[in-house]
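If you want the building blocks of each chain, they are given just below.
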Amino acid sequence: MKPSDKEEKYSIKGKEEVTVNVGDEFIYNYHQHTSVGEFSSYSISDESIVTLVDDYLVYHHPERMRDPEIQGADGAGGTYVFKAVKSGECIITVNKEFRGDIEKTENIRIIVE
């Protein structure tokens, strides 16, 4: 399924705590610019409660990436798609990384009912 085919999902970015139901899917949007060294990473404290079901990138200028004369055109918006699979609580940690160093960490408490 292409990202454009996905229905709108609830974003957890910027939240400290989120309550969802078993079976709900929710997202976290991030920025990635590989040639510059900007990345995102995530971890889930208990993957029996919440799992990652998709992680995709949508490049801002895909047509420029094909041109060998243009460098650094690989900026993209990324999306982690998570799914609540059973009741309980866990923490999703998302790191914003720049050239191997963590610049920002976000911890989001997920309560699954």
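Just so you know, these numbers come straight off a predicted model, no measurement behind them.

K.L.:
Describe the environment of isoleucine 110, listing the residues and the values that go with them.
P.N.:
Looking at the secondary structure, you find isoleucine 110 in strand S8 (residues 101-112). Separated by 19 residues in the primary sequence, isoleucine 110 and isoleucine 91 have C-alpha atoms spaced 5.9 Å apart. Setting aside its immediate chain neighbours within four residues, isoleucine 110 contacts Ile12, Val18, Val20, Phe26, Val50, Gly88, Glu89, Cys90 and Ile92.

K.L.:
Lay out the pattern of salt bridges in plain terms, naming residues and giving numbers.
P.N.:
Scanning the model with the defined rule gives three salt bridges in all. Notably, a salt bridge pairs lysine 9 with glutamate 25, separated by 3.4 Å at the nearest N-O pair. Here lysine 9 is found in the segment before strand S1 (10-11), whereas its partner glutamate 25 is found in strand S3 (residues 25-33), with 16 residues between them in sequence. Here lysine 9 falls in the buried class, since its relative accessible area comes to 17%. A salt bridge links glutamate 89 to arginine 109, with the shortest nitrogen-to-oxygen separation between them at 2.6 Å. One end of the pair, glutamate 89, is in strand S7 (residues 88-98); the other, arginine 109, is in strand S8, and 20 residues separate them in sequence. Under the relative-accessibility criterion, glutamate 89 is labelled partly exposed at 45%. Judged by relative accessible area, arginine 109 falls into the partly exposed class, the value being 30%.

Cut-offs and rules
Residues numbered from 1 in each chain as written. Predicted model: local features only at pLDDT ≥ 70, side-chain atom pairs only at ≥ 80, totals over all residues. Heavy atoms only, no water. Helix = DSSP H or I, 4+ residues; strand = E, 2+ residues; numbered from the N terminus. Contact = heavy atoms within 4.5 Å. Salt bridge = Lys/Arg side-chain N within 4 Å of Asp/Glu carboxyl O. Buried < 20%, exposed > 50% of the residue type's maximum accessible area, 1.4 Å probe, protein only.

As far as function goes, none of this settles anything; it's purely spatial.
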